[in-house]
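Summary of structural features
Each chain, written out:
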Amino acid sequence: MSQHYDPTKDISPSAAYPEVTFGTHHDDQSFYSKVKKTTIVLSLITIGELILGLYIYYLHKGEPSHTWVLFLKGVICIATLAKAYYIVSVFMHLGDEIRNMIMTIVVPLMLFIWFIAAFLIDGNSYRDLRNKYDPYFKYRTTEEKAPVKQHEGAEEPEHKSGKE
Amino acid sequence: MSTPVTATQTKWWSGGKSPFNLEYGKLMMWYFLMSDAFTFGAFLISYGTVRFSSNSWPDPNHVFNAFPFAGHANLPLAFVSLMTFILIISSVTMVLAVHAGHNGDKKGVVKWIFWTIIGGLAFLSCQAWEWTHLHAEGAWWGSNPFPNANGTVASTNFSNFFFTITGFHGFHVFSGVIINIIMLIMAQKGVFERKGHYLMIEKAGLYWHFVDLVWVFVFLCFYLV
């Protein structure tokens, strides 16, 4: 820490510009309760995601409504973003940094909004075009059933048939 | 306690100090992690694009339903939940190691880094088991035995993306464990004590948390949705 700084012992760039300590980490008790709270929040969100994931699994045994499954998956995605926020903000201490520094990290990441939207829309469009102009693709991926797999013999080598 | 804050210290850009109040190495670690986020993002988005361009896709709940020593029991999501919790807990022990470093507590740093390494090794072992199991079922790069959710024959896209992305993440975990082992040895030998600060542990910590962060998204994309 800066007050222990001794130039004879450190020639790294950090010695030239020691960090100013704001004293945010000096209260041990509030630090531990914050870490504990974040751990519990992360665990609860993960358990919630698992419950939703298993619920989707259960729904797929019947004929679930496509919109409902999509909605549940959207909820899981938002829960994941919340987890990412907690990890970055609390565990990586980004929340305690100077605003300008946070912005140099967060603003470039905004590119992901375009990145995800553009590419997923592109994939979706490619599927629609193939279904429209390639009837064999459509038949192969929607109607033609795969040979039923024997679960008991999973270890047998004949299942590696696709490896050519 | 901390250095008394003088009036000039609020003028970050007037020179003589880091305008981001961040040590050089830590700042560069942040920018490296940002670029790494784009690398992982590009992998996961290409996976998403291919998945969106397919009429159907293998159901993860049918692919990932095994657990060590559980025989053929159908346990969807169980093993990967274990892996997720291992990584979250190892992230927490890393936070505690960084905190011990703030306090200049060498014993604490060594103890918590040690547990973080154990967590990392446990995760890698789990992944090794999962890969071995899937390989035994016939899945590998260029080979996918699992049918699509609608019953049609699946392409090899599923296993190609799965092994590439979890492999790339596993490689990050592996290098994180190596970095943590180096940190453990350096802390044990008193290198940071002589330097007077444990900023190196903070940089290793940032990397380790990032590995956990990426897993959150891999978990989402491959196992949950």
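Notes on the structure follow. All values derive from a computational prediction rather than experimental measurement.

Quick look at empty space enclosed by the protein now. All names here are of chain B. Across all of its chains, the model carries one cavity of 30 Å³ or more by this definition. Taken as a whole, the largest cavity holds about 80 Å³ of empty space. Taken together, 13 residues make up the lining of the largest cavity; nearest its centre are F64, N65, A66, F79 and E130. Mapped by element, the contributors of at least two residues to the lining of the largest cavity are helix 3 (78-102) and helix 4 (106-136). Considering every element that reaches the lining of the largest cavity, the biggest residue donor is helix 4, with four residues.

This part is about the environment of I89 of chain B. On the secondary structure map, I89 of chain B appears in helix 3. C-alpha separation for the pair I89 of chain B and M34 of chain B, spaced 55 residues apart in sequence, amounts to 23 Å.

Looking now at helix 5 (residues 157-188) of chain B. Here helix 5 of chain B is 32 residues long and its end C-alpha atoms lie 46 Å apart, about the 46 Å a rise of 1.5 Å per residue gives. Backbone geometry just downstream of helix 5 of chain B places G190 of chain B in the positive-phi region, at approximately 80 degrees.

Attention shifts here to the environment of A204 of chain B. Residues and elements named next belong to chain B. With respect to the helices and strands, the residue A204 is situated in helix 7 (residues 199-224). The class of A204 is buried, set by a relative accessible area of 6%. In this structure A204 touches M94, I179, N180 and M183, once residues within four positions along its chain are discounted.

Moving on, we get to the pattern of salt bridges. A full pass over the atoms with the stated rule returns four salt bridges over all chains. A salt bridge links K83 of chain A to E49 of chain A; the nearest nitrogen and oxygen atoms lie 3.1 Å apart. Of this pair, K83 of chain A sits in helix 3 (residues 66-91) while E49 of chain A is found in helix 2 (residues 28-59), placing the two residues 34 residues apart along the sequence. No difference in accessibility class separates K83 of chain A from E49 of chain A, as the two residues are buried. Ionic pairing is found between E202 of chain B and K26 of chain B, a salt bridge with its closest N-O pair at 2.5 Å. Linking E202 of chain B in helix 7 with K26 of chain B in helix 1 (residues 24-52), this pair joins segments that are 176 residues apart in sequence. By the burial criterion, E202 of chain B is buried, and K26 of chain B matches it.

Between chain B and chain A, the contact holds 81 residues from the first and 80 residues from the second. Taking both sides of the interface into account, the surface hidden between chain B and chain A amounts to around 7400 Å²; carbon and sulfur atoms contribute 67%. On the chain B side of the interface with chain A, the three residues burying the most area are W30, F38 and N55 of chain B, jointly 9% of the side's total. Inspection of the region where chain B meets chain A yields zero salt bridges. In this structure, the connection of chain B to chain A is made through 10 residue pairs in polar contact (both at pLDDT 80 or more). Elements that contribute at least two residues to the side of chain B that touches chain A include exactly helix 1, helix 2 (60-63), helix 3, helix 4, helix 6 (191-195) and helix 7 of chain B. At 16 residues, helix 1 of chain B tops the list of elements feeding residues into the side of chain B that touches chain A. Of the residues in the side of chain B that touches chain A, the class split is 40 nonpolar, 33 polar and eight charged.

Cut-offs applied
Residues numbered from 1 in each chain as written. Chains lettered and ligands numbered in written order. Predicted model: local features only at pLDDT ≥ 70, side-chain atom pairs only at ≥ 80, totals over all residues. Heavy atoms only, no water. 1 Å grid on protein atoms, 1.4 Å probe; cavity = no way out; pocket = protein on both sides within 12 Å on 5 of 7 lines; lining within 4 Å. Points joined across faces, edges and corners; volume = space filled by probe spheres on them. Helix = DSSP H or I, 4+ residues; strand = E, 2+ residues; numbered from the N terminus. Expected span 1.5 Å × (residues − 1). Buried < 20%, exposed > 50% of the residue type's maximum accessible area, 1.4 Å probe, protein only. Contact = heavy atoms within 4.5 Å. Salt bridge = Lys/Arg side-chain N within 4 Å of Asp/Glu carboxyl O. Buried area = accessible area lost by both parts, 1.4 Å probe. Polar contact = N/O pair within 3.5 Å; in protein donor to acceptor, adjacent residues only side chain to side chain. Nonpolar A, V, L, I, M, F, W, Y, C, P; charged D, E, K, R; others polar.

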